[in-house]
Amino acid sequence: EPEVTQTPSHQVTQMGQEVILRCVPISNHLYFYWYRQILGQKVEFLVSFYNNEISEKSEIFDDQFSVERPDGSNFTLKIRSTKLEDSAMYFCASRYLAGGNEQYFGPGTRLTVT
Amino acid sequence: AQSVTQLDSHVSVSEGTPVLLRCNYSSSYSPSLFWYVQHPNKGLQLLLKYTSAATLVKGINGFEAEFKKSETSFHLTKPSAHMSDAAEYFCVVSPGGYGGSQGNLIFGKGTKLSVKP
C-alpha cells in the first residue's frame, strides 16, 4: 500500500542553522501539507500546497519557513534560522482529490534545536 | 471558528472491555470529521471518517463512531479492546466540509488509550 515517507526520522541542529525536512507524498496525490506537534501540545497546521504554490498557511508559518516541490516526488520544508521553539515533530501529509479531505500522514521528523 | 475538544486525555480499559473515546466539535459549516490513531514512533493513521453520508461510521480494526449533530459529538467506540489498540487517538475536523476547502485539519489534543491485560 502506498505511503508517505519522511526523512530524516530525527534531526538535531543548533540554533540559527538552516534545516530541510523532506517528504515523499503518495505519488498520485495533488495536495500536500506540513503540520507540527510540539511535545505535549496539539498537532498544528502549518501550510498547504497545491499546483506548485502555497494555498493556505497558518500564522506559525512565518518568513523563516518555506516549502518547495523541487521535482515530481519530493516536498520539502525549510526552516532558515532555527529557534529553540521550533523543536517539534513535523508531519507531512498528502491527499488526492478535492472531493475528499482525508489526508495520509508520514511517520514524522523529530526536530531538536539545541 | 472550528475546534475540537477531546474530553479525556487518558483512558484506561481492560482487554476485552468496551472502549469509548469522547470528542466534541465546533464548526460553522457541515463538518468533515475524522479519527486518527498514532502508535508509538509511528505516523498518524486514518481510522475512520464522517462525510455526511451516514451518521454511524465504521472504521478499521473494529472501531466505529457516531456523528450526533444535536450534541456536536463524534465519539469513538469499540466493543472489545485489544492490547494492540493501545495508542494515542486524535479527533480531527476539517473546516468547510467535505471538499469545500483546501482541507487543512484541526486536531484535538489526543486521548491516550491504555489497555490492561
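Residues numbered from 1 in each chain as written. Chains lettered and ligands numbered in written order. Predicted model: local features only at pLDDT ≥ 70, side-chain atom pairs only at ≥ 80, totals over all residues. Heavy atoms only, no water.

Enquirer: Even after reading the chapter, I still don't get the overall build of chain B, so can you show me in this structure?
Expert: A tally of regular secondary structure across chain B gives zero helices and 12 strands. In sequence order, the secondary structure elements of chain B are arranged as β-β-β-β-β-β-β-β-β-β-β-β. Against the compact-globule benchmark of 13 Å for 117 residues, chain B has a radius of gyration of 14 Å, which places it among compact chains. The principal-axis extent of the C-alpha atoms belonging to chain B is close to 45 × 30 × 20 Å. Expressed as a percentage of its 117 residues, the buried residues of chain B come to 45%. Pairs at least 24 residues apart make up 58% of the contacts formed inside chain B by residues separated by at least 6 positions. Carbon and sulfur atoms provide 50% of the accessible area of chain B, an area that totals close to 5,400 Å². (Helix = DSSP H or I, 4+ residues; strand = E, 2+ residues; numbered from the N terminus. Rg over C-alpha atoms; globule rule 2.2 N^0.38 Å. Buried < 20%, exposed > 50% of the residue type's maximum accessible area, 1.4 Å probe, protein only. Contact = heavy atoms within 4.5 Å. Areas by Shrake-Rupley, 256 points an atom, 1.4 Å probe, with all protein chains shown as cover.)

Enquirer: Help me out: how do you make sense of the sheet that holds strand β8 (residues 75-79) of chain A in this one?
Expert: Pairing between sheet strands relies on hydrogen bonds along the backbone, with the strands arranged either parallel or antiparallel. Residues and elements named next belong to chain A. Taken in spatial order, the four strands line up as β1-β3-β8-β7 in an open sheet, and their pairing is antiparallel. Taken across any chain shown, the strands that pair with only one partner, and hence form the sheet edges, are β1 (5-7) and β7 (65-68). Strand-to-strand twist in this sheet, taken as the mean axis angle between neighbours without regard to direction, amounts to 20 degrees. Relative to β8, strand β3 (residues 19-24) runs antiparallel, the two being bridged by five bridges. Opposite I20, over in β8, you have K78 as the bridge partner. (Pairing = 2+ DSSP bridges. Axes fitted to C-alpha atoms, helices over the stretch in contact; angles between N-to-C directions.)

Enquirer: I'm lost on unusual backbone geometry in this one. Help?
Expert: Among all residues save glycine, negative phi is the norm, and among peptide bonds the norm is trans. In this model, T7(A) is joined to P8(A) through a cis peptide bond whose omega is -10 degrees. Assignment of secondary structure puts P8(A) in the loop between β1 and β2 (10-13). At N52(A), a position not held by glycine, the phi torsion is positive, near 65 degrees. Among the secondary structure elements, N52(A) is positioned in the loop between β5 (43-50) and β6 (53-57). A residue is classified by how much of its surface remains accessible, and N52(A), at 60% relative accessible area, is exposed. At T72(B), a position not held by glycine, the phi torsion is positive, near 45 degrees. Position of T72(B) relative to the elements: it lies in the loop between β8 (64-68) and β9 (73-78). Overall, T72(B) belongs to the partly exposed group, its relative accessible area being 32%.

Enquirer: Got a minute to help me understand the state of the cysteines in this structure?
Expert: Put plainly, two cysteines are in a disulfide when a covalent bond ties their sulfur atoms together. All names here are of chain A. Enumeration over the complete set of coordinates arrives at two disulfides over all chains. Here C23 connects covalently by a disulfide to C92, the sulfurs 1.9 Å from one another. The disulfide joining C23 to C92 has a torsion of about -65 degrees about its S-S bond and is therefore left-handed. With C23 in strand β3 and C92 in strand β9 (residues 88-95), the pair connects residues that are 69 residues apart, well separated along the chain. (Disulfide = S-S within 2.5 Å.)

Enquirer: What's the story with the nonpolar core in this structure? I'm lost.
Expert: Side chains that are nonpolar tend, in soluble globular proteins, to be buried together. If you look at the biggest cluster of nonpolar residues, it comprises 26 residues, and the most contacted ones within it are W35(B), F74(B), L76(B) and Y89(B). A per-element tally of this core places strand β10 (residues 87-94) of chain B first, with four residues. Sequence-distant contacts of Y89(B), defined by excluding residues within four places in its chain, comprise Q6(B), L21(B), W35(B), Y36(B), V37(B), L47(B), F63(B), L76(B), G110(B), T111(B) and L113(B). V19(A), F49(A), I60(A) and V113(A) belong to the second largest nonpolar core, which has 23 residues in total. (Core = buried A, V, L, I, M, F, W, Y, C linked by side-chain atoms within 4.5 Å.)

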